Amino acid sequence: MAVVELGPERCDALLRFFGELPEGDLTFIKEEVTDPETVRSWATGDSAGGRWVAVDTGGEGGDGRDDVTGYVAVRPLPGWSDHVGEVRLVVAPSRRGSGLGRELARQALVGAVSSGLSKLVVEVVAEQGAALALFTDLGFSGEALLRDHIRGRDGELRDLMVLAHHVSDTWSGMDTVGVADELGAPAG
Ligand SMILES: CC(C)(COP(=O)(O)OP(=O)(O)OC[C@H]1O[C@@H](n2cnc3c(N)ncnc32)[C@H](O)[C@@H]1OP(=O)(O)O)[C@@H](O)C(=O)NCCC(=O)NCCS
């Protein structure tokens, strides 16, 4: 398994990955993920932020194809918040719980800081324990709680948490997870 920047050669595998995700998980991406043209346009490396995929080389089913097993994007917000990046992360249901989400989120943080963003935010459904745990460990903390903000297909209302990471405030936090080293920052 490798985490790589999204390039044109991974777009077909990424489209297959999105096509197999449960509909509820697709909502975390907030973009038209089943449209081939949209996904292909992502691979041209536009603006700040970035997109990365986890790839199983050779394909799980022994068919020789590369499979995408996870996706993370950092999308800069528009206008007066263009120093802020929003993280969108999803891992294939069959691969959850093995550290892949953590690895992708870490890659997103490194990429976002390298591209000059100074704040990152992520929206997490309040009961998503895994998402809360992994972002908190990377130096994110709760900045807003929006009550009854999400309505699931079952009609049930859920709370949404906005977690944020302020890059300049958290160098020491990043140091503890090895991100500062990767960015070439002075230790300590
Ligand atoms: C959130 C998500 C990306 C996590 O992916 P993952 O590959 O399972 O994550 P990891 O395996 O790295 O697990 C992260 C941590 O959460 C912990 N965890 C897993 N399930 C948990 C739960 N129900 N409660 C608390 N912690 C949990 C894991 O133990 C792990 O900690 P550890 O490394 O100390 O053991 C995945 O569940 C997903 O795609 N969810 C749907 C989309 C989503 O919610 N995205 C986040 C907002 S954009």
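Here the residue index of a chain counts from 1 through its sequence in written order. Confidence filtering applies because this is a predicted model: local features only for residues at pLDDT of at least 70, side-chain atom pairs given and counted only at 80 or more, and all residues used for totals across whole chains, interfaces and linings. Side-chain figures throughout are based on the complete set of non-hydrogen atoms in the structure, without hydrogens or water.

Caption draft 1: Representation of the overall build of the protein within the structure. Of regular secondary structure, the protein possesses 7 helices and 7 strands. Secondary structure elements follow DSSP: runs of H or I of four or more residues count as helices, runs of E of two or more count as strands, with numbering from the N terminus. Reading the protein from its N terminus to its C terminus gives the helix and strand order β-α-α-α-β-β-β-α-β-α-β-β-α-α. Burial classes: relative accessible area under 20% of the type maximum marks a residue as buried, over 50% as exposed, and values in between as partly exposed (1.4 Å probe, protein chains only). Counting over 188 residues, the protein shows a buried share of 44%. Contacts: residue pairs with any heavy atoms within 4.5 Å of one another. If you take every contact in the protein between residues at least 6 apart in sequence, the share linking residues at least 24 apart comes to 60%. Computed with a 1.4 Å probe, the accessible areas rest on the Shrake-Rupley method; for each residue, only the protein chains presented here act as cover. As presented, the protein carries roughly 9600 Å² of accessible surface, and 50% of it is formed by carbon and sulfur atoms.

Caption draft 2: Looking closely at the site of the ligand. Only heavy atoms are used to decide nearness, and a residue is near a molecule or strand if one of them lies within 4 Å of it. Taken together, the neighbourhood of the ligand is formed by 21 residues, with L89, G97, G99, G101 and R102 sitting nearest. Each polar contact in these results corresponds to two N or O atoms within 3.5 Å; when the atoms are within protein, one needs to be able to donate a hydrogen and the other to accept it, and residues that are neighboring in sequence are counted only if both atoms are side-chain atoms. A distance of 3.1 Å separates an oxygen atom of the ligand from a polar atom in the backbone of S98. Within the backbone of G101, one N or O atom sits 2.8 Å away from an oxygen atom of the ligand. Summarising the interface, the protein chains cover 70% of the accessible area of the ligand, which totals 960 Å² for the free molecule. Elements with a minimum of two residues in the shell around the ligand: β4 (84-91), α4 (100-114), β5 (119-125) and α5 (129-137). With 5 residues, the top contributor of residues to the shell around the ligand is α5. Grouping the constituent residues of the shell around the ligand by class yields 10 nonpolar, 6 polar and 5 charged. Residues are sorted three ways: Asp, Glu, Lys and Arg are charged, Ala, Val, Leu, Ile, Met, Phe, Trp, Tyr, Cys and Pro are nonpolar, and all the rest, Gly among them, are polar.

Caption draft 3: How the structure looks around the packing of aromatic side chains. Two rings from Phe, Tyr or Trp (for Trp, the six-membered ring) form a pair when their centres are within 6.5 Å of each other. A pair whose planes differ by under 30 degrees is stacked, one over 60 is edge-to-face, and the rest are tilted. As enumerated under the stated definition, the model contains 5 aromatic pairs in all. Aromatic side chains F135 and F140 sit 5.1 Å apart centroid to centroid with 70° between the ring planes, which places their arrangement in the edge-to-face category. Note on accessibility: F135 and F140 belong to one class, buried. Here the aromatic residues F17, F18, W42 and Y71 are joined through ring pairs into a cluster of three or more.

Caption draft 4: Here's a closer look at the environment of L77. Along the chain, the position of L77 falls in the loop between β3 (67-76) and β4. The exposure class assigned to L77 is partly exposed, which follows from its relative accessible area of 25%. Spatially, the C-alpha atom of L77 lies 9.8 Å from that of G49, the residues being 28 residues apart in sequence.

Caption draft 5: Highlighting the nonpolar core. Residues V74, V87, L120, F135 and F140 are the most contacted members of the largest nonpolar core, which totals 25 residues. Among the secondary structure elements, those contributing two or more residues to this core are β2 (50-56), β3, β4, α4, β5 and α5. Looking at this core, the element that brings in the most residues is α4, giving 7 residues. In this structure, L15, L21, L26 and Y71 belong to the second largest nonpolar core, which totals 21 residues. Take the buried residues of types Ala, Val, Leu, Ile, Met, Phe, Trp, Tyr and Cys, join any two whose side-chain atoms come within 4.5 Å, and each joined set is a nonpolar core.

Caption draft 6: Up close: helix α1 (residues 11-20). Of the residues making up α1, those classed as buried are C11, A13, L14, L15, F17 and F18. Looking at the buried residues of α1, the elements they touch are α2 (23-26), α3 (36-42), β2, β3 and β4.

Caption draft 7: How the structure looks around the confidence of the model for the protein. What pLDDT reports is the predictor's confidence in each residue, on a scale of 0 through 100. Of the residues in the protein, 84% reach a pLDDT of 70 or more, and the chain-wide mean stands at 86. At the low end of the mean pLDDT range in the protein sits helix α6 (residues 171-176), at 52; at the high end sits β4, at 96.

Caption draft 8: Here's a closer look at the pairing of β2. Of all 7 residues that make up β2, 7 are buried, and the element is covered over most of its length. Covered by surrounding structure in β2 are G50, W52, A54 and D56 together with R51, V53 and V55, the residues of both alternating faces. Any two strands between which DSSP finds at least two bridges are classified as paired. In the sheet, strand β1 (residues 2-5) pairs with β2 via 4 bridges, with the strands oriented antiparallel. Paired with V4 across the two strands is V53, which belongs to β2. With 7 bridges joining them, β2 and β3 adopt antiparallel strand pairing. Note that in β3 the partner of A54 across the bridge is G70.

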